[in-house]
Amino acid sequence: LALVPGEREAHTAKLPIRVDFAVPDGWQVEAPWPRGEDGTYHPATLADVRDDLVAIGAWDTHASEVNGFAVTFAFSPGQEKLKAGVVERAAPIVAGMIEHFGGKVQDSYLVLFGEPQPGGYGGSPKTNSMTLFVAPDLPVDFALEGIVHLIAHEFHHTWMRARCQPVDELRFLAEGFTDYFAYFIPWRIGMQDDAAFR
């Protein structure tokens, strides 16, 4: 990580930051920031460096562009059975959110499906990236139904975070508001019908 001398303002200030990864030959690097011609990455702020996720090593990736919004999905070993279903479902959800909220939050985003964990499914959104997981013992069809809701829920957090992130004391309210859109967007784009809510 290299900072230009004399540019150490607040961690959210725009800084000329360069991040380089020294990895063994053949290792893959996926980071959610713009990449320069010299191979270094350029996060916008120190907060991005502290908050965002990076995939290094043997990840199975798929890049999609949705209405000018570039989304890269990275799947760790053990998540292969989810890739086709996730990619197929995620793009319409993201497109529906861009249309509904009147624009994109940023130009690119990285979604990581890390090591499978027991206990259903869950996720955690960051500034330009998020991590999601699905329990390995769930039947694929059932898991993909849950992933529709999960992706819509976690992506809504990115819009909220960029526009009107509430204080932590209102987390319960914010989660309910987010979950509303996690149901509304898939319904609005025809991915779920009224019968799903009976």
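Here's what I pulled together on the structure shown here. Just so it is clear, the model here is predicted, and its values are computed rather than measured.

**Some details on the overall build of the protein chain**
Line of reasoning, step 1. Secondary structure summary: the protein chain contains four helices and nine strands in total.
Line of reasoning, step 2. Listing the helices and strands of the protein chain from first to last along the sequence gives β-β-β-α-β-β-β-α-β-β-β-α-α.
Line of reasoning, step 3. Within the protein chain, buried positions represent 42% of all 198 residues.
Line of reasoning, step 4. Taking all contacts inside the protein chain whose residues are at least 6 apart in sequence as the whole, residues at least 24 apart take part in 57%.
Line of reasoning, step 5. Approximately 10,800 Å² of the protein chain is accessible, and the part contributed by carbon and sulfur atoms is 54%.

**With respect to the environment of Leu 82**
Line of reasoning, step 1. Relative to the helices and strands, Leu 82 resides in the loop between β6 (69-75) and α2 (83-101).
Line of reasoning, step 2. In the structure, Leu 82 is positioned 65 residues away from Ile 147 in sequence and 9.5 Å away in space, judged by C-alpha atoms.

**A word on empty space enclosed by the protein**
Line of reasoning, step 1. This structure, assessed with the given rule, holds one cavity of 30 Å³ or more.
Line of reasoning, step 2. Counted as a void, the largest cavity has a volume near 30 Å³.
Line of reasoning, step 3. Considering the residues around the largest cavity, the lining is formed by Gly 78, Gln 79, Lys 81, Leu 82, Pro 116, Val 134, Ala 135 and Pro 136.
Line of reasoning, step 4. Its residues assigned to classes, the lining of the largest cavity comprises five nonpolar, two polar and one charged.

**Brief notes about the side chain of Thr 178**
Line of reasoning, step 1. Here Thr 178 lies in helix α4 (residues 171-188).
Line of reasoning, step 2. Residue contacts for Thr 178: discarding those within four places in its chain leaves His 153, His 156, His 157 and Met 160.

**Focus: the packing of aromatic side chains**
Line of reasoning, step 1. Counted according to the given criterion, the structure contains 10 aromatic pairs.
Line of reasoning, step 2. Centre to centre, the rings of Phe 21 and Tyr 41 are 5.7 Å apart; their planes meet at 70°, and the pair counts as edge-to-face. Residue Phe 21 is found in the loop between β2 (17-18) and β3 (28-30), and its partner Tyr 41 is found in the loop between β3 and α1 (46-51); the two are separated by 20 residues along the sequence.
Line of reasoning, step 3. What makes Tyr 41 buried here is its relative accessible area of 6%.
Line of reasoning, step 4. A centroid spacing of 5.7 Å and a plane angle of 10° characterise the contact between Tyr 180 and Phe 184, whose relative ring orientation is stacked. Residue Tyr 180 and its partner Phe 184 are located together in helix α4, separated by four residues, close to a single helical turn.
Line of reasoning, step 5. Tyr 180 gets classed as partly exposed once you look at its relative accessible area, which sits at 48%.

What counts and how
- Residues numbered from 1 in each chain as written.
- Predicted model: local features only at pLDDT ≥ 70, side-chain atom pairs only at ≥ 80, totals over all residues.
- Heavy atoms only, no water.
- Helix = DSSP H or I, 4+ residues; strand = E, 2+ residues; numbered from the N terminus.
- Buried < 20%, exposed > 50% of the residue type's maximum accessible area, 1.4 Å probe, protein only.
- Contact = heavy atoms within 4.5 Å.
- Areas by Shrake-Rupley, 256 points an atom, 1.4 Å probe, with all protein chains shown as cover.
- 1 Å grid on protein atoms, 1.4 Å probe; cavity = no way out; pocket = protein on both sides within 12 Å on 5 of 7 lines; lining within 4 Å.
- Points joined across faces, edges and corners; volume = space filled by probe spheres on them.
- Nonpolar A, V, L, I, M, F, W, Y, C, P; charged D, E, K, R; others polar.
- Phe/Tyr/Trp six-rings, centres within 6.5 Å; stacked < 30°, edge-to-face > 60°.

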